[in-house]
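# Structure at a glance
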Amino acid sequence: MSRNAKAKRLAANYPVPQSKEDCDEMIRVLGDVRRELARTEADMNDKLAETKETFEKKAEPLRDKAEELLSGIETWCAANRDKLTQNGKVKFAKLKNGEIRWRVRPRKVNLRAVDAVIERLKELGLKRFIRTKEEVNKEAILEDQEAVKGVKGISIGSEGEDFVVEPFEAALNEKAA
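Residues take numbers from 1 onward in each chain, read along the sequence in its written order. Given that this is a predicted model, residues contribute local features only at a pLDDT of at least 70 and side-chain atom pairs are listed and counted only at 80 or more, while totals for whole chains, interfaces and linings are drawn from all residues. Each side-chain value is derived from all of the structure's non-hydrogen atoms; neither hydrogens nor water enter the calculation.

### What about the pattern of salt bridges?
The term salt bridge refers to a pairing of a side-chain nitrogen on Lys or Arg with a carboxyl oxygen on Asp or Glu at a separation within 4 Å. Evaluation of the coordinates by the stated rule reveals 14 salt bridges. Here D32 ties to R35 by a salt bridge, and the two come within 2.5 Å at their closest N and O atoms. You can see D32 and its partner R35 sitting in helix α2 (residues 20-79), 3 residues apart, about one turn around the helix. Given a relative accessible area of 32%, D32 falls into the partly exposed group. For R35, a relative accessible area of 30% translates into the label partly exposed. Ionic pairing is found between E53 and K57, a salt bridge with its closest N-O pair at 3.3 Å. Within this pair, E53 and its partner K57 are both found in helix α2, separated by 4 residues, close to a single helical turn. Labels follow the DSSP assignment, with helices taken as runs of H or I lasting at least four residues and strands as runs of E lasting at least two, numbered in each case from the N terminus. Throughout, exposure labels follow a simple rule: accessible area from a 1.4 Å probe, protein chains only, divided by the maximum for the residue type, with under 20% read as buried, over 50% as exposed, and the rest as partly exposed.

### Concerning the layout of surface pockets
Of the volumes computed, that of the second largest pocket is approximately 330 Å³. Around the second largest pocket sit L70, I73, E74, C77, A78, E99, I100, R101, W102 and R103, which together line it. Counting residues per element, the ones that place at least two in the lining of the second largest pocket are α2 and β2 (98-101). Broken down by element, the lining of the second largest pocket gets its largest block of residues, 5 residues, from α2. Definitions used throughout: a 1 Å grid over protein atoms alone; a cavity as a set of points that fits a 1.4 Å probe which cannot get out; a pocket as an open set with protein on both sides within 12 Å along at least five of seven lines; a lining residue as one with an atom within 4 Å of a point. Grid points are joined across faces, edges and corners, and a volume is the space filled by probe spheres set on the points.

What follows is the structure, encoded as structure tokens:
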């Protein structure tokens, strides 16, 4: 698509400046709009923070009460586990207002000093527990593009082109508090 065709397509549904002065004025207006948008977003975030704080304060005693109830239920169920689970035949019990369950969490491996563990596994001939991952180093390809020229499956493209408009803005000097 030619540059003119792209310009016409882009301009179809938008106001288009007719001169350099018009374009400069639109950039000024864009800056005004972006600043107003930032103020609106800041106002929204202030209101959200106030609302969140209000509901967090309301929820805190409820969380405490829920934790207290759960601890009491867990204590009673632990003391009566054999009766509730038919001496361990099942891992749950249905009560009138709900169900309780004991779940066994899946096992997991915890590692400390991973490099030392890998070395020890190698020393013990337990390489089957060591995973090796191969992947293409794209950063190295970008640094030495000539070396991979002609390698099927590798192409190096541009990231494209962005159009950026940055209205001039100045910051106010801050007074010492």
